[in-house]
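# Geometric and topological summary
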Amino acid sequence: MLTINGCRIVSMDGPVIEQGSIEIDGTLIRAVRGRAAARPSGEVLDAGGLTAIPGMGQMHGHITAYMHTMDTAPVNAQPAALKAIQATAFARNALGAGITMWRDIGGHAHIDIHLKRAINHGLVPGPRMLVCGRWLGRSGGHGSGLSEPADGAEALRRAVREQIAAGADGIKLIASGGVMEASEDPFAMEYTEEELAAAVDEARRAGRWVTVHSHPASATRAAIRAGARSIEHATELPDDVIDLLISRGVYIVPTFAAYWKLSREGTEIGLDPELVRIASRVWDRKIEYFMKAARAGVKYATGTDTGAPRVFHHEIALELELMVRVGVAPEQALRAATVNCAELMGWTDTLGTLSPGKDADIVLVDGHPLEDISATRQVRHVFKAGRYYAPEPPVPPLP
Ligand SMILES: [Zn+2]
């Protein structure tokens, strides 16, 4: 048994404890106590001055690559083996940042699928993962050169089957434009409702979920009606879309971090000025809609679109900071990163809160995240399933 002693506890399952203790027994949380233990038995981690929070989630990750610019050529030129080795470093970076849940929604060479296996076998440290394999988009559409092209309902059914056969837990579809090329319109719909419905039907019959990249209301509407579990980016959220999201219990992952970075640092990165303008337009549109949706009760979770330029694999704290910046209370931002991620992953019974009987995924941060959300950057200790990981400085991506 191990006792984390003397820390503040933000369990997300009850009031904040100012100075308490958490007992870990094997892989599970045995007790969460409202006072520090005077003479704890077994191992002790003295955590005075720190705050314990549940393990956090990255719900829009791309662990198999990092793009220094929007040019896909350098990433596509990297050998798969090198990408795989880099992915193990990113997994360690993420775990060290307090990320214990990772949903990978579009990768290269099925490295995501094999990395998940390697982590689950204990070969390399990393978050618990759910993975999509290759992401599916139409020929010439958003993300061409990175995504797997599939056009028409029949081709989509086949592509979905291929990802599932390879080991995907879910399917990622690109239903609209995005911000990769100055010539594309993020608010153009790229898959028809018929195509989306065919892909979702195929996935569902195999017991898999589907998440859909969509900026415009048109594609989001169609994706929800088709049965998507979640919407990535989800920029335009008019009232009828808010109603649909709530009535179907569909999650959105707004990915503020990517649009913040592209609009603020795009010029420095050397992106086409038109692309920087498009990113700013998307950011503004997000601000226009997001808080109304959040207040109405739309469910949202943290994801950064990591792998995009300047959006690093160890930086989930940025997404929480940006949520607070756009108007979310720190408690709600932390909920989006913990409880909500666990629900989106289908892991509510075992993760998301610091509660007796749940898996011991515990992050100790310096500072009080409900007073200053940036405390989520100051990760000092990480436990995943009761096992201790000492955070190390994150290693940079390949040049
Ligand atoms: Zn993405």
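None of the values given here were measured: they were computed from a predicted structure.

Let us look at the overall build of the protein. Along the protein, the regular secondary structure elements total 12 helices and 18 strands. Since a compact globule built from 399 residues should have a radius of gyration of about 21 Å, the 20 Å found for the protein is in line with a globular shape. In terms of overall dimensions, the protein has C-alpha extents of about 65 × 45 × 45 Å along its principal axes. Taking contacts inside the protein between residues at least 6 apart in sequence as the whole, the part at least 24 apart equals 70%. Accessible surface computed for the protein: about 14900 Å², of which carbon and sulfur atoms make up 49%. Distance between charge centroids for the protein: 4 Å, based on 41 positive and 47 negative side chains.

Protein coordination at the zinc ion comes from His60 (NE2), His62 (NE2) and Asp305 (OD), with a distance range of 2.0 to 2.2 Å. Mapping the donors of the zinc ion onto the primary sequence gives the spacing H-x1-H-x242-D. With histidine 62 in the loop between strand S6 (56–61) and helix H1 (73–77) and aspartate 305 in the loop between strand S15 (299–300) and helix H10 (317–326), the pair connects residues that are 243 residues apart, well separated along the chain. Across the pair, aspartate 305 and histidine 62 agree in class, each one buried.

What follows is about the nonpolar core. Core analysis: the largest hydrophobic core is formed by 102 residues, its most contacted members being Leu173, Ile231, Leu237, Leu245, Ile252 and Phe290. If you tally residues by element for this core, the top one is helix H9 (residues 273–296), at 11 residues. Each of domain 1 (2–54 + 349–389) and domain 2 (56–345) gives at least three residues to this core. Formed by 17 residues, the second largest nonpolar core is a distinct cluster that contains Leu50, Ala360, Ile362 and Phe383.

Where helix H7 (residues 239–248) meets H9, the closest approach of the two axes is 10 Å, and the angle between their N-to-C directions is 40 degrees. In terms of orientation, H7 and H9 fall into the oblique class. Crossing of H7 over H9 shows right-handed handedness. Counting all contacts with H7, which are made through Asp239, Ile242 and Ile246, the residues of H9 involved are Lys292, Ala293 and Ala296. Split into classes, the residues belonging to the contact of H7 with H9 amount to four nonpolar, no polar and two charged.

Let us look at the sheet that holds strand S7 (residues 99–104). Within a sheet, neighbouring strands are paired by backbone hydrogen bonds and run either parallel or antiparallel to one another. An order of S6-S7-S8 is seen for the three strands of this open sheet, with the pairing classed as parallel. In the strand order of this sheet, the two ends are held by S6 and strand S8 (128–131), each with one partner. In this sheet, neighbouring strand axes are inclined to one another by 15 degrees on average, regardless of whether the strands run parallel or antiparallel. Examined bridge by bridge, S7 and S8 share four bridges and lie parallel to one another. Residue pairing for S8: arginine 103 is matched across the bridge by leucine 130. Strand contacts of helix H3 (residues 111–120): S7 and S8, with the helix running at about 155 degrees to S8, the strand carrying the most contacts.

Here we come to H9. Across its 24 residues, H9 extends 35 Å between first and last C-alpha, which sits within 8% of the 34 Å expected from 1.5 Å per residue. Within H9, the axis deviates most sharply at tyrosine 289, by approximately 30 degrees. Along H9, the residues classified as buried are Leu275, Val276, Ile278, Ala279, Val282, Trp283, Lys286, Tyr289, Phe290, Met291, Ala293 and Ala294. For H9, the elements touching its buried residues are strand S13 (230–233), H7, strand S14 (251–253), helix H8 (256–269), S15 and H10. In this structure aspartate 272 caps H9, since a side-chain oxygen of it lies 2.8 Å from the backbone nitrogen of glutamate 274. Directly beyond the C-terminal end of H9, a positive phi value near 110 degrees is found at glycine 297.

This part is about the domain arrangement of the protein. Partitioning the protein into structural domains gives domain 1 (2–54 + 349–389) and domain 2 (56–345). Once you take the C-alpha centre of each, domain 1 and domain 2 turn out to be 29 Å apart. Opposite the 22 residues of domain 1 that make contact, domain 2 presents 26 residues. Across the domain 1/domain 2 interface, buried area totals approximately 2000 Å², and carbon plus sulfur atoms make up 67% of it. The interface formed by domain 1 and domain 2 includes four salt bridges. For aspartate 361, the salt bridge identified is with arginine 128, shortest N-O distance 2.7 Å. Listing elements by their share of the side of domain 1 that touches domain 2, those giving two or more residues are strand S5 (50–54) and strand S17 (379–384). Tallying contributions element by element places S17 first for the side of domain 1 that touches domain 2, with four residues. Partitioning the side of domain 1 that touches domain 2 into residue classes produces 14 nonpolar, four polar and four charged.

The next point concerns unusual backbone geometry. With a phi angle near 50 degrees, threonine 255 is a residue other than glycine that sits in the positive phi range. Topologically, threonine 255 is positioned in the loop between S14 and H8. Exposure remark for threonine 255: the relative accessible area of 0% places this residue in the buried category. For alanine 385, which is not glycine, the phi torsion reads 50 degrees and is therefore positive. The residue alanine 385 is located in the loop between S17 and strand S18 (387–389) in this model. Overall, the relative accessible area of 25% leaves alanine 385 in the partly exposed class.

This paragraph deals with H10. Counting buried positions along H10 gives eight out of 10 residues, so the element sits mostly inside the fold. Turning to H10, the residues buried within the fold contact S6, H8, H9, S15 and helix H11 (330–337). Count one or two residues on from H10 and you reach glycine 327, which has phi positive near 130 degrees.

So, how was this worked out
- Residues numbered from 1 in each chain as written.
- Predicted model: local features only at pLDDT ≥ 70, side-chain atom pairs only at ≥ 80, totals over all residues.
- Heavy atoms only, no water.
- Helix = DSSP H or I, 4+ residues; strand = E, 2+ residues; numbered from the N terminus.
- Rg over C-alpha atoms; globule rule 2.2 N^0.38 Å.
- Contact = heavy atoms within 4.5 Å.
- Areas by Shrake-Rupley, 256 points an atom, 1.4 Å probe, with all protein chains shown as cover.
- Lys, Arg positive; Asp, Glu negative; His and termini not counted.
- Charge placed at Lys NZ, Arg CZ, Asp CG, Glu CD.
- Donors = N, O, S within 2.8 Å, 3.2 Å for Na, K, Ca; no water.
- Buried < 20%, exposed > 50% of the residue type's maximum accessible area, 1.4 Å probe, protein only.
- Core = buried A, V, L, I, M, F, W, Y, C linked by side-chain atoms within 4.5 Å.
- Domains from an automatic or database assignment.
- Axes fitted to C-alpha atoms, helices over the stretch in contact; angles between N-to-C directions.
- Parallel < 35°, antiparallel > 145°, perpendicular 65-115°, else oblique.
- Left-handed = near helix turned anticlockwise from the far one by under 90°.
- Nonpolar A, V, L, I, M, F, W, Y, C, P; charged D, E, K, R; others polar.
- Pairing = 2+ DSSP bridges.
- Expected span 1.5 Å × (residues − 1).
- Bend = angle between axes of the 7 residues up to and from the residue.
- Polar contact = N/O pair within 3.5 Å; in protein donor to acceptor, adjacent residues only side chain to side chain.
- Buried area = accessible area lost by both parts, 1.4 Å probe.
- Salt bridge = Lys/Arg side-chain N within 4 Å of Asp/Glu carboxyl O.

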